[in-house]
Amino acid sequence: MQSSLIGKIEKAHRYAQEPERITFSEFSVIFHGANDDHTVCYSDHQWSCTCHFFHDRGLCAHTMALEKVLGNMLPVEARTNFDVAEATP
């Protein structure tokens, strides 16, 4: 294996341990929900989801789950403070 490729592989491993280096600007995923599949997108600093709840409320379990999974890799404006809602009785 070429030494330059070995160096790139080592760097990739280091980067993978530092997710704070990554910030998503846009993406689209298929989320396999309990009842149906939904397309969830983040673009132009806004979430969208094809589920009915998102259409009515502007957030949903699918977008919140992705926020949890992606954490600090999302820009600040993409993060919903839904942990506060969890703590409220």
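Structure: see above.
Structural notes, computed from the coordinates. (Residues numbered from 1 in each chain as written. Predicted model: local features only at pLDDT ≥ 70, side-chain atom pairs only at ≥ 80, totals over all residues. Heavy atoms only, no water.)

With that out of the way, let us pick up the packing of aromatic side chains. Counted under the stated rule, the structure contains four aromatic pairs. Ring geometry for phenylalanine 27 against tryptophan 47: centres 5.8 Å apart, planes inclined by 80°, an arrangement best described as edge-to-face. Note that phenylalanine 27 is positioned in strand S1 (residues 27-32) and tryptophan 47 in strand S3 (residues 46-49), a separation of 20 residues in sequence. Residue phenylalanine 27 is classed as buried on the basis of its relative accessible area, which comes to 15%. Residue tryptophan 47 is classed as buried on the basis of its relative accessible area of 14%. Three or more aromatic residues link up through ring pairs in this structure, and these residues are Phe24, Phe27, Tyr42 and Trp47. (Phe/Tyr/Trp six-rings, centres within 6.5 Å; stacked < 30°, edge-to-face > 60°. Helix = DSSP H or I, 4+ residues; strand = E, 2+ residues; numbered from the N terminus. Buried < 20%, exposed > 50% of the residue type's maximum accessible area, 1.4 Å probe, protein only.)

On to unusual backbone geometry. Phi angles above zero are rare outside glycine, and aspartate 44 is one such case at about 50°. With respect to the element layout, aspartate 44 can be found in the loop between strand S2 (37-43) and S3. A relative accessible area of 65% means that aspartate 44 is categorised as exposed. Even without being a glycine, histidine 45 presents a positive backbone phi close to 65°. The residue histidine 45 is located in the loop between S2 and S3 in this model.

Take the side chain of threonine 63 next. Looking at the secondary structure, you find threonine 63 in helix H3 (residues 61-70). Judged by its relative accessible area of 1%, threonine 63 is buried. Excluding anything up to four places from it in sequence, threonine 63 contacts Val40, Trp47, Ser48, Cys49 and Phe54. (Contact = heavy atoms within 4.5 Å.)

On the basis of which strands lie adjacent, the open sheet formed by three strands has the order S1-S2-S3 and antiparallel pairing. Both edges of this open sheet fall to S1 and S3, since each of them pairs with a single strand only. Between one strand and the next, the sheet's axes are offset by a mean angle of 20°, whatever the strand orientation. (Pairing = 2+ DSSP bridges. Axes fitted to C-alpha atoms, helices over the stretch in contact; angles between N-to-C directions.)

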